[in-house]
Amino acid sequence: DWVTYADAVATFTVGQIMTVDPTHEELATGQGIIGRRADIGQLTVLWRRPQAPDMPATFETEAGGWSFDATTHVRRELRDTSFAWLTEGERYLAPLVQVDFSRRGAPAWEVLTGALLGMREGRTVTPPDVTATDTARTALLGKTPEEVGALLGEATPHTGADFTLD
């Protein structure tokens, strides 16, 4: 439920995608993660939770990655078919959260890619690489960002929800 757990919902464009190298330990064992990070910009906030943190003009977010096994030379995407693979230059609409996964007092904004919608000709669409979706996303397909913002403005958060995702 976007209005229960998100800090904001916005449209945005993905800028540069960067690869995050595996750790020395992962390289030494021959198995690990190759990360991906994406620059997020051109944000238009459609809805914001009351008392939510202020939204920056741009931010960097986790964008999946790959697991690797050097013995078999296999590299697999770290996602399931309900999560979009963020693509440079593409425009999306998604819920956003500010989290402090490191628990070091340095919260960062993240895109909830499992709830992400693509944008085509000013309307929401299922991203082409997503083969599974949920009822909430399906209900928003074909809507303009303004229509999505209006629907979220009318929605009520679930009472008793825990807003801490980390």
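Residues numbered from 1 in each chain as written. Predicted model: local features only at pLDDT ≥ 70, side-chain atom pairs only at ≥ 80, totals over all residues. Heavy atoms only, no water.

1. Quick look at the overall build of the protein
- Along the backbone of the protein there are four helices and eight strands.
- Going from N to C terminus, the protein has its helices and strands arranged as α-β-α-β-β-β-β-β-β-β-α-α.
- Computed over C-alpha atoms, the radius of gyration of the protein comes to 17 Å, within 12% of the 15 Å expected from 2.2 N^0.38 for 166 residues, which places it in the range of a compact globule.
- Taken over the C-alpha atoms alone, the protein extends approximately 55 × 35 × 30 Å along its principal axes.
- Burial statistics for the protein: of 166 residues in total, 42% are counted as buried.
- Taking as baseline every contact in the protein between residues at least 6 positions apart, the subset at least 24 positions apart corresponds to 64%.
- Total accessible area on the protein is roughly 9300 Å²; 53% of this is exposed by carbon and sulfur atoms.
- Of the side-chain charges in the protein, 14 are positive and 24 negative, and the distance between the mean point of each set is 2 Å. (Helix = DSSP H or I, 4+ residues; strand = E, 2+ residues; numbered from the N terminus. Rg over C-alpha atoms; globule rule 2.2 N^0.38 Å. Buried < 20%, exposed > 50% of the residue type's maximum accessible area, 1.4 Å probe, protein only. Contact = heavy atoms within 4.5 Å. Areas by Shrake-Rupley, 256 points an atom, 1.4 Å probe, with all protein chains shown as cover. Lys, Arg positive; Asp, Glu negative; His and termini not counted. Charge placed at Lys NZ, Arg CZ, Asp CG, Glu CD.)

2. Some details on the confidence of the model for the protein
- Residues at a pLDDT of 70 or more form 94% of the protein, whose mean pLDDT is 87.
- Predicted confidence in the protein is weakest over helix α3 (residues 135–140), with a mean pLDDT of 78, and strongest over strand β1 (residues 8–20), with 96. (pLDDT = per-residue confidence, 0-100.)

3. Quick word on the packing of aromatic side chains
- By the definition in use, this model includes two aromatic pairs.
- Plain terms: the ring middles of Trp66 and Trp85 are 5.5 Å apart, the flat faces sit at 65 degrees to each other, and that makes the pair edge-to-face. Of this pair, Trp66 sits in strand β3 (residues 59–69) while Trp85 sits in the loop between β4 (74–77) and β5 (91–99), and the two are 19 residues apart along the sequence. You'll find Trp66 and Trp85 in the same group, each marked buried.
- Across from the ring centre of Trp66, 4.2 Å away, lies the NZ or CZ of Arg75, which sits over that ring. (Phe/Tyr/Trp six-rings, centres within 6.5 Å; stacked < 30°, edge-to-face > 60°. Lys NZ or Arg CZ within 6 Å of the ring centre and 35° of its normal.)

4. Some points on the nonpolar core
- Phe12 and Leu96 are the most contacted members of the largest nonpolar core, which has 20 residues in total.
- Among the elements of the structure, β1, β2 (31–48), β3, β5 and β6 (108–111) are those that each provide at least two residues to this core.
- Of all the elements, β1 adds the most residues to this core, at five residues.
- Those residues within four positions of Leu96 in sequence are excluded, and the remaining contacts are Ala6, Asp7, Ala8, Ala10, Phe12, Leu43, Met55, Phe59, Trp109, Glu110 and Val111.
- Core analysis: the second largest hydrophobic core is formed by 13 residues, Val3, Leu93, Ala115 and Leu140 among them. (Core = buried A, V, L, I, M, F, W, Y, C linked by side-chain atoms within 4.5 Å.)

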